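Topology and contacts: notes
What follows is the residue order along each chain.
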Amino acid sequence: MAFRRRNKSYPFFSQEFLIQNHADIVFSLVIFILIGLMFEGEVTLYQYGWRDWATILFYFFITIILHAVVQEYILDKVNRRLHLSKSKNTKFNESGQLCVFHLVSSVWSFYILITEGYLFHPSSLWENYPHVHLRFQVKFFYLTQLAYWLHALPELYFQKVRKEEIPRQLQYICLYLLHVSAAYLLNLSRVGLVLLCLQYLSEMGFHIARMFYFTDESHQKMFDVWAVCFVFTRMVTLTLMFLAVGFGLARAENQGLDWDLGNFNTVLIRMTVLLLVCLTQSWLLWKFIRFQLRRWREFRHEQASRKRAAAKQTPRPVKRDSLGHHENGVIKAENGASPRPKKIKAP
């Protein structure tokens, strides 16, 4: 999806400028209104229901427009300067879009964790479960997350993603939809906020490193920084899930399944959630190990190629005789004179 190209620019606030950019001006006002909705004027509590689908559908269309804005006004301009190949161009656009989304989502979720007090009181992540009543900023965050990952499905068509890349992108899109929906519907919104914040920070580091790598393949050290963040995120995620779900909810008083109260604190559901998280983290670690092994093999191959190229460029030393060197079939001494011939005694 792309906006129309403008061949001529007009002075600001002129009639021609307003006519040409009226759609962008109205869209900017809509964005300011949406940003204002992130901050509450008064405390109001909400629950999830079937009407959420209408809200998700609205944010779904808004997200498609935002995607097109980022693509046209940022990524396309960078791509025209870099002159990347078609495959690298597709991956660069993917990383650029996800980098913007991860940055906004991580800052937004961190802000919610601070204002709600979850960061300074970790026990609040599982105490007083079920967390049925949500403040507007928490509910708004989850609905926009679902809208974004749903919009990523038609974007595979809009961005003309290659068939080889579609299965890989479908994997992480479906995983995000599954985990965000589970945290929202099972009333595990507090734990989900922490995990999404950590996951988005880790993924943002990867996509920043990949974008720098596409601009200059010598930029490899940022992948090492991301590797440390990735391992740290996996450790914190597993620790927090076992602490909150495995121990915190297991010791809660309200055990049982109650659809009306939104209580899903049963052994089966807790074990299913833990199993789902463990399988996902194991799959991510497996992909991480394969990625690091591929990088190591590429590095070794590059080093071997450089050594072979350096060996070919080094001139081989010329072997010399003990008395001097040959010139036109005559042996010359080191000073350039011919050695005296040996006299043969007569018999």
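Because the structure is a prediction, the values reported are computed rather than measured.

What follows deals with the overall build of the protein. A tally of regular secondary structure across the protein gives nine helices and six strands. Sorting the 347 residues of the protein into buried and exposed places 38% on the buried side. If you take every contact in the protein between residues at least 6 apart in sequence, the share linking residues at least 24 apart comes to 73%. Accessible area for the protein stands at about 22600 Å²; split by element, carbon and sulfur atoms hold 66% of it.

Let us now look at the pattern of salt bridges. Counted by the stated rule, this structure contains seven salt bridges. Glu94 is paired through a salt bridge with Arg168; the nearest N and O atoms lie 2.8 Å apart. Of this pair, Glu94 sits in helix H4 (residues 86–116) while Arg168 sits in helix H6 (residues 166–185); the two residues are 74 residues apart in sequence, bridging distant segments of the chain. Glu165 is paired through a salt bridge with Arg162; the nearest N and O atoms lie 3.8 Å apart. One continuous salt-bridge network, built from bridges that share partners, spans Glu94, Arg162, Glu164, Glu165, Arg168 and Arg210.

Looking now at helix H9 (residues 267–313). Residues spaced three or four apart along an α-helix face the same direction, because each turn holds 3.6 residues. Taking 1.5 Å per residue, 47 residues should reach 69 Å; H9 reaches 69 Å between its end C-alpha atoms and fits that length. Taken as a whole, H9 has its buried residues at Arg270, Val273, Leu274, Val277, Thr280, Gln281, Leu284, Phe288, Phe291 and Arg295. Of the surrounding elements, those touching the buried residues of H9 are H6, helix H7 (189–215), helix H8 (221–248) and strand S4 (263–265).

In this section: the packing of helix H5 (residues 136–158) against H6. At their nearest, the axes of H5 and H6 sit 10 Å apart, and the two run at 160 degrees to each other. By the angle class used here, H5 and H6 are roughly antiparallel. By crossing handedness, the relation of H5 to H6 is classed as left-handed. Of H6, the residues touching H5 (which contributes Lys139, Tyr142, Leu143, Gln145, Leu146, Trp149, Leu150, Ala152, Leu153 and Leu156) are Ile166, Gln169, Leu170, Tyr172, Ile173, Tyr176, Leu177, Val180, Ser181, Ala183 and Tyr184.

On to the UniProt feature "transmembrane region" (unreviewed entry) in the protein, then. Here the UniProt feature "transmembrane region" (unreviewed entry) sits at residues 21–41, 53–75, 96–120, 225–247 and 267–286. Annotation note: span residues 225–247, helix share 100%, strand share 0%, distance between end C-alpha atoms 32 Å. Helix makes up 100% of residues 267–286 and strand makes up 0%, while its end C-alpha atoms are separated by 28 Å.

Looking now at the environment of Ile173. Summarising the element assignment, Ile173 is placed in helix H6. What makes Ile173 buried here is its relative accessible area of 1%. On a C-alpha basis, the gap between Ile173 and Leu153 in space is 7.7 Å, while along the polypeptide they are 20 residues apart. Those residues in contact with Ile173, other than ones at most four positions away along the chain, are Trp149, Ala152 and Leu153.

Looking now at a nonpolar patch on the surface. Judged by side-chain polarity, Phe110, Ile114, Leu119 and Phe120 come together as a nonpolar surface patch covering roughly 380 Å² of accessible area. The topology assignment puts Leu119 in the loop between H4 and strand S2 (134–135).

What follows is about the packing of aromatic side chains. For the structure shown, the criterion picks out 29 aromatic pairs. An angle of 90 degrees between the planes, with centres 5.2 Å apart, marks the rings of Tyr148 and Trp149 as edge-to-face. As far as burial versus exposure is concerned, Tyr148 and Trp149 are alike and both buried. Considering the side-chain rings of Trp259 and Phe264, the 5.3 Å spacing of their centres and the 85 degrees angle between planes classify their relative orientation as edge-to-face. Classification of Phe264 by relative accessible area gives buried; the value is 8%. The rings of Tyr46, Tyr48, Phe58, Tyr59, Trp108, Phe136, Phe140, Phe141, Tyr142 and Tyr184 are connected pair by pair, giving a single aromatic cluster. Across the ring face of Phe230, the terminal group of Arg234 is positioned such that the distance to the ring centre comes to 4.5 Å.

Looking now at unusual backbone geometry. Cis geometry marks the peptide bond from Tyr129 to Pro130; its omega dihedral reads 10 degrees. Positive phi is not limited to glycine here, since Asn128 has a value of about 60 degrees. Mapped onto the secondary structure, Asn128 falls in the loop between H4 and S2. At Lys160, a position not held by glycine, the phi torsion is positive, near 55 degrees. Structurally, Lys160 can be placed in the loop between H5 and H6.

By the element assignment, Ser109 lies in helix H4. The class for Ser109 is buried, based on a relative accessible area of 0%.

Definitions and cut-offs
Residues numbered from 1 in each chain as written. Predicted model: local features only at pLDDT ≥ 70, side-chain atom pairs only at ≥ 80, totals over all residues. Heavy atoms only, no water. Helix = DSSP H or I, 4+ residues; strand = E, 2+ residues; numbered from the N terminus. Buried < 20%, exposed > 50% of the residue type's maximum accessible area, 1.4 Å probe, protein only. Contact = heavy atoms within 4.5 Å. Areas by Shrake-Rupley, 256 points an atom, 1.4 Å probe, with all protein chains shown as cover. Salt bridge = Lys/Arg side-chain N within 4 Å of Asp/Glu carboxyl O. Expected span 1.5 Å × (residues − 1). Axes fitted to C-alpha atoms, helices over the stretch in contact; angles between N-to-C directions. Parallel < 35°, antiparallel > 145°, perpendicular 65-115°, else oblique. Left-handed = near helix turned anticlockwise from the far one by under 90°. UniProt positions renumbered as here; feature names shortened; annotations may be inferred. Patch = residues over 30% accessible without salt bridge, like charges linked within 9 Å, V, L, I, M, F, W, Y side chains within 5 Å. Phe/Tyr/Trp six-rings, centres within 6.5 Å; stacked < 30°, edge-to-face > 60°. Lys NZ or Arg CZ within 6 Å of the ring centre and 35° of its normal.

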